[in-house]
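# Summary of structural features
Residues per chain, in single letters:
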Amino acid sequence: MRKSLNIMLIGLAMSVIFVPEAKAYVQQGLMKLGFFQPKLELPKEITGNTEEPKLVKESNFQMSFVDSKGKTLSLAELEGKVVFMNIWATWCGPCIAEMPSIQKLYDKFKDKKDVAFVILEAESNKDKAVKFMANKNLDLPVYFPNGAIPTDFFRGSLPTTVIFDKNGNVAHITEGMADYSGDDIVDFLNEVRAMK
């Protein structure tokens, strides 16, 4: 009896380690318990008598991506919008785990003209990514890199989420899995939307 229980536990542990879907299931459970919350703080500089937030580091990132139909889009074309960019891969357990929470966030903002979502599949495997979204019943806007992803905000960790303000400046970066279904991220995006 004890031996069979040990074998089952070892089998469960191995599946969590080696099967991305199993790992994602466990990680989603941990997110529901309140783990993996993104640390959302604007890099601010208080100037003069006003307390209006201003991003400390301003950047002009050159990057373009292609959607599943072959249409090219660049970060420069998204100027004037807050951009939520999630860099992921279909084999990445933590990426799979956070996708439902990103879908919930997307559903709250998809009709806002000043917010854009770029779900950037890092491997550029279009067929696999499109199939993944269909199998998971996700309707997120999937893109694929059209060249290098700037190392200023992507150092190779999957998943990585970057939020850009309307001027293309980095307002937030999360490396690793996070739960994007809560009110804190909604409030943060609305705060970035209100910035000038």
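Residues numbered from 1 in each chain as written. Predicted model: local features only at pLDDT ≥ 70, side-chain atom pairs only at ≥ 80, totals over all residues. Heavy atoms only, no water.

## Side note on the overall build of the protein chain
For the protein chain, the count of helices and strands is 5 helices and 7 strands. Counting across all 196 residues of the protein chain, residues that qualify as buried make up 43%. Pairs at least 24 residues apart make up 69% of the contacts formed inside the protein chain by residues separated by at least 6 positions. For the protein chain, the exposed surface amounts to about 11,100 Å²; the carbon and sulfur share of it is 53%. (Helix = DSSP H or I, 4+ residues; strand = E, 2+ residues; numbered from the N terminus. Buried < 20%, exposed > 50% of the residue type's maximum accessible area, 1.4 Å probe, protein only. Contact = heavy atoms within 4.5 Å. Areas by Shrake-Rupley, 256 points an atom, 1.4 Å probe, with all protein chains shown as cover.)

## A short note on the confidence of the model for the protein chain
Within the protein chain, residue pLDDT values average 82, and 69% of them lie at 70 or more. At the low end of the mean pLDDT range in the protein chain sits helix H2 (residues 20–32), at 53; at the high end sits strand E4 (residues 115–121), at 98. Segment residues 44–57 is flagged for pLDDT under 50; beyond a separation of four residues in sequence, or across chains, it makes 23 contacts in the model. (pLDDT = per-residue confidence, 0-100.)

## Focus on the sheet that holds strand E1 (residues 64–67)
With mixed pairing, the 7 strands of this open sheet are ordered in space as E2-E1-E5-E4-E3-E6-E7. The sheet is open, and its two borders are formed by strand E2 (72–74) and strand E7 (170–175), each paired with just one other strand. Strand after strand, the sheet turns through a mean of 30 degrees between neighbouring axes, direction not considered. As paired strands, strand E3 (residues 82–88) and E4 are joined by 7 bridges and run parallel to one another. In the strand pairing of E4, Asn86 is matched with Ile119. In this fold helix H3 (residues 93–109) packs onto E3, E4 and strand E6 (160–164), with an angle of close to 160 degrees to the strand it touches most, E3. (Pairing = 2+ DSSP bridges. Axes fitted to C-alpha atoms, helices over the stretch in contact; angles between N-to-C directions.)

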